[in-house]
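Results of the structural survey
Now for the letters of each chain:
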Amino acid sequence: MKRIVVLTSGGDSPGMNAALRAIAKLGAAQGLQVFGSLEGYDGLIDGKFRELTKVLSDGAVSVDIEVDAAGGQGGTLIGSARSMRFREKEGRARAADEVRKLGAEGLIVIGGNGSLTGAHAFATESGIKVMGIPGSIDNDIGCTSTSLGVDTALNTIVEACDRISDTARAHKRAFVVEVMGRDCGYLAMASAVAMAADAALIRESGKTEDQLVDDIRAVIRNGFARGKRRILIIKAEGINVPCTRLVRMTEERMKEEVANLEIRATVLGHVVRGGNPSYSDRAVAGRLGFGALNSLLAGATDEMVGWLPPLPQGGTPTSDSSVVRFPLERVLEETKSLIDGTSPVTKRRVALMSAASGVLSL
Ligand code: F6P
């Protein structure tokens, strides 16, 4: 293999650039030319590539200076998109032609659920070798304990909630803070525990709008009765009721109970997705990038490298004991069960949250 392509697809996540840098450096070290596909799968279809390595006058390969510098930055240097055209077989066939025209024999896809679904289809249809790297702040991907961006997103949420807590305590207020995560409540659960929030509202608990309002009401009533000055409720984006609606409904329901009750709603939104990657996201990105590249060179295809510290169970071990390869088909099955709630991981998360709720509200 002399040339490979790497792309970032779906919602960007901090750590994607660190993975690109690692792949470019490790590729260069082995004399490989690494190309980035611009704007995710769309770049593959349109044949829009940017070289992430450069060939020096003596024939040696080095990493591009901008790629090197971007490793510590958020977002993705080569752009990202959710390509509608790649969902069609015709789009994938055009993409395969462009990859072959470039003379590349392997593709590394960094992205979430939709991107890895595309990677699996491309690998099976084109015969081009494909490896996936989990990249999404949502932490909803199977066969990996984390994906690129999760740690940074949690740090951003914690920092934002610390700030909100300052002003909440000053005014003795309750806040409902919404965090991203699509259908997965992981960011809400993990940040609620880290923030010692009063509650986490997650889609996975299956509560109705009415029950959610009752939960918020109980937490606020009990919290203020105990003399708390800050009530913090973290709501996952997956709950299909706008934050402001929950807040207005709760205020309405509680107007007889608490005088001058003011609840504020804050949607953190895309703030959670930006920012320079944390140490952990950079380190994991480097090691997953290394694992994905080496797997491609060893002939693997239609697989993803997952992060499973400290002791991997099952899977095919690589030279890095925390990096384990799994077939994309299995990854996608586990991802589906993580989201539809049948996965033991989701069941455990929901049970842990439910057990913690009595403590969180103290
Ligand atoms: O999947 C990552 C994610 O940030 C989700 O948490 C969120 O639901 C979605 O992407 C937002 O997408 P967009 O940037 O297209 O609004």
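Keep in mind that what you see is a predicted model, and the values were worked out from it rather than measured. (Residues numbered from 1 in each chain as written. Predicted model: local features only at pLDDT ≥ 70, side-chain atom pairs only at ≥ 80, totals over all residues. Heavy atoms only, no water.)

**Quick look at the domain arrangement of the chain**
Bring the parts together and some accessible area is lost; that lost area is often taken as the interface size. Worth spelling out the cut-off: Boundaries of every domain are those given by an automatic assignment or by a domain database. Should any heavy atoms of two residues lie within 4.5 Å, those residues are considered in contact. Two parts lose some accessible area (1.4 Å probe) when they are put together, and adding that loss for both gives the buried area. Salt bridge criterion: a side-chain nitrogen from Lys or Arg within 4 Å of a carboxyl oxygen from Asp or Glu. What qualifies as a polar contact is a pair of N or O atoms within 3.5 Å, subject to a donor-acceptor requirement within protein and to the restriction that residues adjacent in sequence count only when both atoms come from side chains. Note on residue categories: nonpolar means Ala, Val, Leu, Ile, Met, Phe, Trp, Tyr, Cys or Pro, charged means Asp, Glu, Lys or Arg, and polar means any other residue, Gly included.
When the domains of the chain are assigned, the result is domain 1 (3–149 + 277–340) and domain 2 (150–274). Centre-to-centre separation of domain 1 and domain 2, based on C-alpha positions: 35 Å. Opposite the 18 residues of domain 1 that make contact, domain 2 presents 16 residues. Summing both partners gives a buried area of about 1400 Å² for domain 1 against domain 2, and 49% of it is carried by carbon and sulfur. Joining domain 1 to domain 2, the criterion identifies 1 salt bridge. Applying the counting criterion to the domain 1 and domain 2 interface returns 10 residue pairs in polar contact (both at pLDDT 80 or more). Counted by class, the side of domain 1 that touches domain 2 contains 5 nonpolar, 8 polar and 5 charged residues.

**Some details on the packing of aromatic side chains**
For any pair of aromatic rings, the description consists of the separation of the ring centres together with the inter-plane angle of the planes. How we decide: Whether two aromatic rings pair depends on their centres lying within 6.5 Å, for rings of Phe, Tyr and Trp, where Trp uses its six-membered ring; planes under 30 degrees apart make the pair stacked, over 60 edge-to-face, and the rest tilted. Helix and strand definitions follow DSSP, with helices as H or I runs of at least four residues and strands as E runs of at least two, each counted in order from the N terminus. Here the term buried applies to any residue with accessible area under 20% of the maximum for its type, exposed to any over 50%, and partly exposed to those in between, with areas from a 1.4 Å probe on protein chains only.
If you walk through the whole model with that rule in mind, you get 2 aromatic pairs. Between Tyr41 and Phe86, the ring centres sit 3.8 Å apart and the planes meet at 10°, which makes this aromatic pair stacked. Residue Tyr41 is found in helix α2 (residues 41–46), and its partner Phe86 is found in the loop between α3 (65–70) and α4 (89–102); the two are separated by 45 residues along the sequence. Phe86 shares its class with Tyr41; the two are buried. A centroid spacing of 5.7 Å and a plane angle of 40° characterise the contact between Phe86 and Phe122, whose relative ring orientation is tilted. With a gap of 36 residues between them, Phe86 in the loop between α3 and α4 and Phe122 in helix α5 (residues 113–126) connect regions that are remote in the sequence. Residue class for Phe122 comes out buried when judged on its relative accessible area of 1%. Among the aromatic residues, those joined into a ring-pair cluster are Tyr41, Phe86 and Phe122.

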